[in-house]
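# Survey of secondary and tertiary structure
The chain contents come next:
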Amino acid sequence: LTKGEYGGVGIEIGLRGEKKELTVVAPMSDSPADRKGLRSGDVIIAVDGKSTAGFSTSDAAKHIKGPEGTEVTLTIRRSGVKEPLDYTLVRENIQIHDIAYSGMLDEEIAYIKLTRFSKNAGDDLEETLKELIKNEDPKGLILDLRSNPGGLLPAAVKVSEQFLQKKDLIVSTKGRITQSNREFRTNRDPVAGDLPLVVLINGG
């Protein structure tokens, strides 16, 4: 995922709830999972008939990912639906695009949908912002992070650098060993530091 492509069905998964059940965090836009109708919050109870009880996310990835053109069947438990649902998906070469959409909502407000923080997120966002500012001169920006499951810390730092002032503290980490105690600050001037910003988030 962090490298930019893989063979699979296009879902972000995580362990959720007290029972740590394998759960769909978000389907990727225009992926096999998205086109078939999988939803955030769906619990994957089996892969090709094999129970996912006790699975880690890496266990699940080994079963769900595979060669392009092959099939995998996910059995889903969905809130509000009594019986489990079977989804048979054809694997594709999933190209990861951190920015799903960018453009102007009207004459003044720009909009960017950032879907994850893979290694290219910061560079992609910087390029997108520069183009919008140069060509459209927006008076404000909506950054949509809904259903963005996260990713690489350096990528998130680079995204934050586009908006925060130079030398601002972005995030700090602490751990049991001294090497874990770090501060990440902006080391450059922002591209959109003066642009009024609204950030959209949800449970995903």
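The rules behind the values
Residues numbered from 1 in each chain as written. Predicted model: local features only at pLDDT ≥ 70, side-chain atom pairs only at ≥ 80, totals over all residues. Heavy atoms only, no water. Pairing = 2+ DSSP bridges. Helix = DSSP H or I, 4+ residues; strand = E, 2+ residues; numbered from the N terminus. Axes fitted to C-alpha atoms, helices over the stretch in contact; angles between N-to-C directions. Contact = heavy atoms within 4.5 Å. Patch = residues over 30% accessible without salt bridge, like charges linked within 9 Å, V, L, I, M, F, W, Y side chains within 5 Å. Areas by Shrake-Rupley, 256 points an atom, 1.4 Å probe, with all protein chains shown as cover. Salt bridge = Lys/Arg side-chain N within 4 Å of Asp/Glu carboxyl O. Buried < 20%, exposed > 50% of the residue type's maximum accessible area, 1.4 Å probe, protein only. Phe/Tyr/Trp six-rings, centres within 6.5 Å; stacked < 30°, edge-to-face > 60°. Core = buried A, V, L, I, M, F, W, Y, C linked by side-chain atoms within 4.5 Å.

Read across the sheet, 4 strands follow the order β9-β10-β11-β14 without closing on themselves; strand pairing throughout is mixed. Every other strand in the sheet has two partners, leaving β9 (99-104) and β14 (197-200) as the edge strands with one partner each. Neighbour to neighbour, the strand axes of the sheet diverge by 10 degrees on average, direction disregarded. In this structure, strand β11 (residues 140-144) lies alongside β14, joined through 4 bridges in parallel fashion. What sits directly across from I142, in β14, is V198. Against the sheet, helix α3 (residues 121-136) engages β9, β10 (109-114) and β11, with an angle of about 15 degrees to β9.

A few words on a nonpolar patch on the surface. A contiguous nonpolar surface patch, about 270 Å² in accessible area, is contributed by L197, V199 and I201. Along the chain, I201 falls in the segment after β14. Looking at I201, the relative accessible area reads 66%, which means it is exposed.

All right, on to the packing of aromatic side chains then. Applying the stated criterion across every chain yields a total of 1 aromatic pair. Measuring from centroid to centroid gives 6.0 Å for Y101 and Y111, while their planes differ by 45 degrees, and the two rings are tilted. Here Y111 lies in strand β10 and Y101 lies in strand β9, a separation of 10 residues in the sequence. The partly exposed category is assigned to Y101, whose relative accessible area is 45%.

What follows is about the nonpolar core. Counting residues in hydrophobic clusters, the biggest one holds 17 residues, and the most contacted among them are I112, L114, F117, L125, L129, L141 and F163. Of all elements in the fold, only β10, α3, β11 and α4 (153-161) reach the threshold of two or more residues within this core. When residues in this core are grouped by element, the largest group, 4 residues, is from α3. Every residue in contact with F117, bar those within four places of it in the chain, is listed here: D98, L145, N148, G150, G151, L152, A155, A156 and V159. The next biggest cluster of nonpolar side chains, apart from the first, holds 16 residues, and it includes L38, F55, A60 and I76.

Looking at the secondary structure, you find I109 in strand β10. When the C-alpha atoms of I109 and I142 are compared, they prove to be 7.3 Å apart, with 33 residues separating the residues in sequence. Once residues lying within four places of it in the same chain are set aside, the contact partners of I109 are G103, M104, G140 and I142.

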